[in-house]
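Single-letter residue listing:
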Amino acid sequence: MTTRLPRTVRMIAQHGPDAFLKRTSDTGKYTGAIVSRRAAAVLRKRSIIEGTYGDFNPEIGGWKPEWDKLRTIVSLRPFKGHKRERTREQRVDKINKAMQGMEAREEKYRQEIQQKKPVKNFKYMFKRWENTAKEKFDKEMARTFREKDE
């Protein structure tokens, strides 16, 4: 009993390297390749493993190097990447520029805040006591008027 060869090997033996090409019929209708790219890739890998890469025998199989599809040369351009990675240097420069003279600006800001605060001298304390006494007096008066109305 003879073992049957895989369809891929039989078609390559029958049609040669044309078995990998897409075809069109006489009417112009498109038909796919006789041997699919996946099947060809499996046969190529198997021939590398079995050591039959480099020659083709219709009874055993194999793969010829000239059947390898030439890959197009892709233009080498850098990967676009994330925007944060592309603009990192600009952000560092911007931050460094903003940090120049930061200590002086911080000191100026602290002084402005300190100047906005009221001066805590006797006049300030007296005015504060006066305001708290006035608030207490107003609350007391409002309470007494409510009690009278009731």
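Please read all numbers here as calculations on a predicted model, not as lab measurements.

## Notes on the environment of glutamate 130
For step 1, the next point in the chain: By the secondary structure assignment, glutamate 130 is in helix α6 (residues 122–149).
For step 2, the next point in the chain: According to the relative accessible area criterion, glutamate 130 is partly exposed, its value standing at 46%.
For step 3, the next point in the chain: With 76 residues separating them in the primary sequence, glutamate 130 and glycine 54 have C-alpha atoms 106 Å apart.

## Here we look at the nonpolar core
Here is a general trend for soluble globular proteins: nonpolar side chains tend to be buried in one another's company.
For step 1, the next point in the chain: With 12 residues, the main nonpolar core is built from Val9, Met11, Ile12, Ala19, Phe20, Ile34, Val35, Ala40, Leu43, Phe56, Trp63 and Trp67.
For step 2, the next point in the chain: Ranked by residue count, the leading element in this core is helix α1 (residues 7–15), at three residues.
For step 3, the next point in the chain: For isoleucine 34, the contacting residues outside a window of four places in its chain are Arg7, Met11, His15, Ala19, Leu21 and Arg23.

## Focus on the side chain of serine 47
For step 1, the next point in the chain: Tracing the backbone shows serine 47 in helix α2 (residues 37–50).
For step 2, the next point in the chain: Setting aside residues no more than four positions away along its own chain, serine 47 makes contact with Thr52, Tyr53, Gly62 and Trp63.

What counts, and at which threshold
Residues numbered from 1 in each chain as written. Predicted model: local features only at pLDDT ≥ 70, side-chain atom pairs only at ≥ 80, totals over all residues. Heavy atoms only, no water. Helix = DSSP H or I, 4+ residues; strand = E, 2+ residues; numbered from the N terminus. Buried < 20%, exposed > 50% of the residue type's maximum accessible area, 1.4 Å probe, protein only. Core = buried A, V, L, I, M, F, W, Y, C linked by side-chain atoms within 4.5 Å. Contact = heavy atoms within 4.5 Å.

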